[in-house]
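What follows is the residue order along each chain.
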Amino acid sequence: MNYELPTSPSCADAVPASLWEACIPYDTLRIPRYIFNIQVVNKDAWILRNLTLGYNIHDNYVSTLGTSDALLDILSTGEANVPNYSCGRKDNLLVLLDGSKKDISIQMSTLGSIYKIPQISFQLFSESLNDKSQLPFYHRLFPKKEFLYPAFVQLLLHFRWTLVGLFASDTENGDNFMRTFTPLLVRNGICVVISQQFSTTGHIAPLRAALSKWRMKLYFDENGDLEADLVIISSMVFPNKELMPEQLGSYERKRLIINPDTLSRLKLLNKSLPQSKCVENCHPGFVKRAREGEPVCCYDCVPCPKGTISTQEDTEKCTKCPDDKYPNEDRVQCIPKIITFLSYEDHLGIILISFVLLFFLTTVFVLTIFIKYLQTPIVKANNRDLSYILLVSLLLCFLSPLLFIGQPRNATCLLQQMVFGIIFSVAISSLLAKTITVVLAFLATKPGNRVKRWLGKSLANSIILSCSAVQVIICSIWMGVSPPFPDSDLHSQPGEIILQCNEGSVAMFYITLSYLGILAAICFTLAFLARNLPGAFNEAKLITFSMLVFCSVWVSFVPTYLSIKGKYMVAVQVFSILSSNAGLLVCIFIPKCYIIILRPDLNIKEHFTYRRNAEVHILTEVETKQKKKEFPPKVC
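Note that the structure is predicted; figures quoted are calculated from it, not measured.

Here the focus is the overall build of the chain. The number of helices and strands found in the chain is 17 helices and 20 strands. Looking at the chain as a whole, 41% of its 636 residues qualify as buried. At a minimum sequence separation of 6, the contacts of the chain that also span at least 24 residues come to 61%. When the accessible surface of the chain is summed, it comes to about 35,700 Å², and 61% of that surface belongs to carbon and sulfur atoms.

Pasting the structure below:
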């Protein structure tokens, strides 16, 4: 039984197809190993059972002619190289062990396949040897060359060597190497700054000796393809030019493992790893931005955009934080957002509640005075019942901001706008009823005027009920179609989750405000036109000022409300409610309280009767003079 091993006379002088492809040297070390192993097998009778292995070693001199001569000698059993003629030796040829390059391997397979002799190659695999229809008996002991490429990429990325040069021979293998490996490097962010192929006529053994060495452990993957685990051997050069090989790491199951002890020894020897990169690494919190017109590994490091983070170096794309989290200051970690709302413990909430209590107690004080002095002329002269209705509605209006403060819930969100809209419509309707009553009361003093029959409680009550009923209908439609509900605003304020009441229908919210604005505008117009009526009815002036304050507050409310976010929106609405109500309270009732408490001498019937008669008399004289001007007496 023969193992035929065509070999190269000097593998050190043979030129490889690429930098890491080397001829396997069957030299004085390798060949004796084969011979020794065959002898061990032959000496053990229990292994092959009366069979003896033999071997023939042939030198092909790295040429096709030498290969042909060696193959003819292998296939010929006689003394002359004549195939297909059985004479002389009775050896059984089992296998051809091939350590040659691709073209010689193809030559061997072409001739050997005629006799169905298996051929096993020790060379790194080439794609041109993968065609089983042409080379049915060719087998390999090494994986495809491409299995090394991911290992090299991981090694380069591990040491952050992103600027590399590629050199290969100007052969088919070299072309395939350049075509396959270059795109793989680019996809992983490694720049190929030099890419050159050279002639195979040179002597590059020193260059090959400087490369890291690889040891392989073969296995089959899940698809049945031959793969290999690698041991990476690095040689350390000392000043006396001695080499100390060390295991730098391994590549196991397609995963790179670096031995940290080897790197630590480099530091002890004051050796450092070479640097091969265009720029420094982007730290966490930054992202790579390519430079126009430069290789992909040359880039600028810019901070991650707002709302995003990066946790690794040289990040291609920042990661957006979840809605309930936000980036920290360095943008390397997402931290939970703070839940916030206008609470009773908040400084702003405490201030608003203090004003609520102040105005509420002030309104109670005014209502108490009006009840205590209900029989006095100043209380009677200004429609006592309407004053009570207005004071009670103001009292409730001052309490309504309590629905806006605190954590929003279903009940408070439903009641907030509805209570605010209805109570405010009652307050403005009562002012409108007061204004209309003042105008009609003045017109009733004129002789022959029939408006006197309209005066009375029924007119005022019908005005209040009808105007308030419209607001009730609007709020009912709002609650039925799209009612307010508790909501979370995750995006208005960075780092905060704002709990607030969503209006549901923004259109209905502004319809409610618009209706209050229409009532206020009508009331202001009538009060302004009636401001110069006689003194007994001078409440029209007070209503004019109160409506001016009211309208000014709510006109400024709308743009302010639209321009802010979060709990300050709620604070603005609460402030508008308090300030507009305070304007009504101060402008209408404080002057009367002043007279009742501090000037009781003015709170007498004679004072109001005298002023009314004097002003009516003056008005009558003015009207008489105007009539004389319009109709002068005729001269006969």
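Further notes follow.
So, about the sheet that holds strand β20 (residues 496-502). Remark on secondary structure: sheet strands pair via backbone hydrogen bonds, oriented parallel or antiparallel. Read across the sheet, 3 strands follow the order β18-β20-β19 without closing on themselves; strand pairing throughout is mixed. On the outer flanks of this sheet lie β18 (338-340) and β19 (485-489), each paired with one strand and no other. Neighbour-to-neighbour, the strand axes of this sheet turn through a mean angle of 25 degrees, independent of strand direction. Pairing analysis gives 5 bridges linking β19 to β20, with the strands arranged antiparallel. Residue S488 lies in a different strand from β20, and its bridge partner there is L499.

Here the focus is the packing of helix α15 (residues 539-563) against helix α16 (residues 567-598). Closest axis-to-axis distance for the α15/α16 pair is 9 Å, and the angle between their directions is 175 degrees. The pairing of α15 with α16 is recorded here as roughly antiparallel in orientation. Tallied by class, residues from the contact of α15 with α16 come to 17 nonpolar, 7 polar and 2 charged.

The next subject is the pattern of salt bridges. Under the counting rule described, the total for this entry stands at 6 salt bridges. We note a salt bridge from D601 to R599, for which the minimum N-O separation is 3.2 Å.

Core analysis: the largest hydrophobic core is formed by 66 residues, its most contacted members being F370, W554 and F589. The element contributing the most residues to this core is α16, with 13 residues. Residues in contact with F370, not counting those within four places in the same chain, are V379, S387, Y388, L391, F589, K592, C593 and I596. Among the nonpolar cores identified, the runner-up in size contains 27 residues, and Y149, F152, F181 and A228 belong to it.

Reading predicted coordinates in detail is not appropriate for stretches of low pLDDT. For the chain, per-residue confidence averages 78 on the pLDDT scale, and residues scoring 70 or more make up 78% of the total. The low-confidence segment residues 1-26, where pLDDT is below 50, has 109 contacts with residues more than four positions distant or belonging to other chains. Below a pLDDT of 50 lies the segment residues 610-631, which in the model reaches 7 contacts outside its immediate sequence neighbourhood of four places, other chains included.

Another point: the side chain of D489. Structurally, D489 can be placed in strand β19. For D489, the side chain forms a polar contact with the side chain of S492, separated by 2.2 Å. Setting aside chain neighbours within four positions, we find D489 in contact with E496, I497, I498 and Q500.

Here is what the cut-offs are and how they apply
- Residues numbered from 1 in each chain as written.
- Predicted model: local features only at pLDDT ≥ 70, side-chain atom pairs only at ≥ 80, totals over all residues.
- Heavy atoms only, no water.
- Helix = DSSP H or I, 4+ residues; strand = E, 2+ residues; numbered from the N terminus.
- Buried < 20%, exposed > 50% of the residue type's maximum accessible area, 1.4 Å probe, protein only.
- Contact = heavy atoms within 4.5 Å.
- Areas by Shrake-Rupley, 256 points an atom, 1.4 Å probe, with all protein chains shown as cover.
- Pairing = 2+ DSSP bridges.
- Axes fitted to C-alpha atoms, helices over the stretch in contact; angles between N-to-C directions.
- Parallel < 35°, antiparallel > 145°, perpendicular 65-115°, else oblique.
- Nonpolar A, V, L, I, M, F, W, Y, C, P; charged D, E, K, R; others polar.
- Salt bridge = Lys/Arg side-chain N within 4 Å of Asp/Glu carboxyl O.
- Core = buried A, V, L, I, M, F, W, Y, C linked by side-chain atoms within 4.5 Å.
- pLDDT = per-residue confidence, 0-100.
- Polar contact = N/O pair within 3.5 Å; in protein donor to acceptor, adjacent residues only side chain to side chain.

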